[in-house]
Amino acid sequence: MILFEVEATPAGTSVTQTFTFEKAGRYQIICTMPGHFAAGMKGILTVS
Ligand SMILES: [Cu+2]
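Residues numbered from 1 in each chain as written. Predicted model: local features only at pLDDT ≥ 70, side-chain atom pairs only at ≥ 80, totals over all residues. Heavy atoms only, no water.

## Points about the coordination of the copper ion
Next, step 1: For the copper ion, the full set of protein donor atoms is Cys-31 (SG), His-36 (ND1) and Met-41 (SD), at a range of 2.0 to 2.4 Å.
Next, step 2: We classify His-36 as partly exposed; its relative accessible area is 29%. (Donors = N, O, S within 2.8 Å, 3.2 Å for Na, K, Ca; no water. Buried < 20%, exposed > 50% of the residue type's maximum accessible area, 1.4 Å probe, protein only.)

Below, the structure is given as structure tokens:
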């Protein structure tokens, strides 16, 4: 498991964040704000 933390971003705005991975692959990403994961805030980050 790899953990990264990003500041909460207000709705309608965006931020750019850089992560460095040691291995290519598919990583599950989730939002840990209460209730957000259950509401579907999750996805797959593909690193190539
Ligand atoms: Cu969220």
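## Quick look at the layout of surface pockets
Next, step 1: Looking at the largest pocket, its volume works out to about 960 Å³.
Next, step 2: Lining the largest pocket are 24 residues, and of these Phe-4, Val-6, Ile-29, Ile-30 and Cys-31 lie nearest its centre.
Next, step 3: Among the elements of the structure, strand S1 (25-30) and strand S2 (42-47) are those that each provide at least two residues to the lining of the largest pocket.
Next, step 4: Ranked by residue count, the leading element in the lining of the largest pocket is S1, at 4 residues.
Next, step 5: Of the residues that constitute the lining of the largest pocket, the class distribution is 15 nonpolar, 6 polar and 3 charged. (1 Å grid on protein atoms, 1.4 Å probe; cavity = no way out; pocket = protein on both sides within 12 Å on 5 of 7 lines; lining within 4 Å. Points joined across faces, edges and corners; volume = space filled by probe spheres on them. Helix = DSSP H or I, 4+ residues; strand = E, 2+ residues; numbered from the N terminus. Nonpolar A, V, L, I, M, F, W, Y, C, P; charged D, E, K, R; others polar.)

## Topic: a nonpolar patch on the surface
Next, step 1: Among the surface-exposed residues, Ile-2, Phe-4, Val-6, Val-15 and Phe-19 lie close enough to one another that they form a single nonpolar patch of about 420 Å² accessible area.
Next, step 2: Relative to the helices and strands, Phe-19 resides in the segment before S1.
Next, step 3: Here Phe-19 falls in the partly exposed class, since its relative accessible area comes to 30%. (Patch = residues over 30% accessible without salt bridge, like charges linked within 9 Å, V, L, I, M, F, W, Y side chains within 5 Å. Areas by Shrake-Rupley, 256 points an atom, 1.4 Å probe, with all protein chains shown as cover. Salt bridge = Lys/Arg side-chain N within 4 Å of Asp/Glu carboxyl O.)

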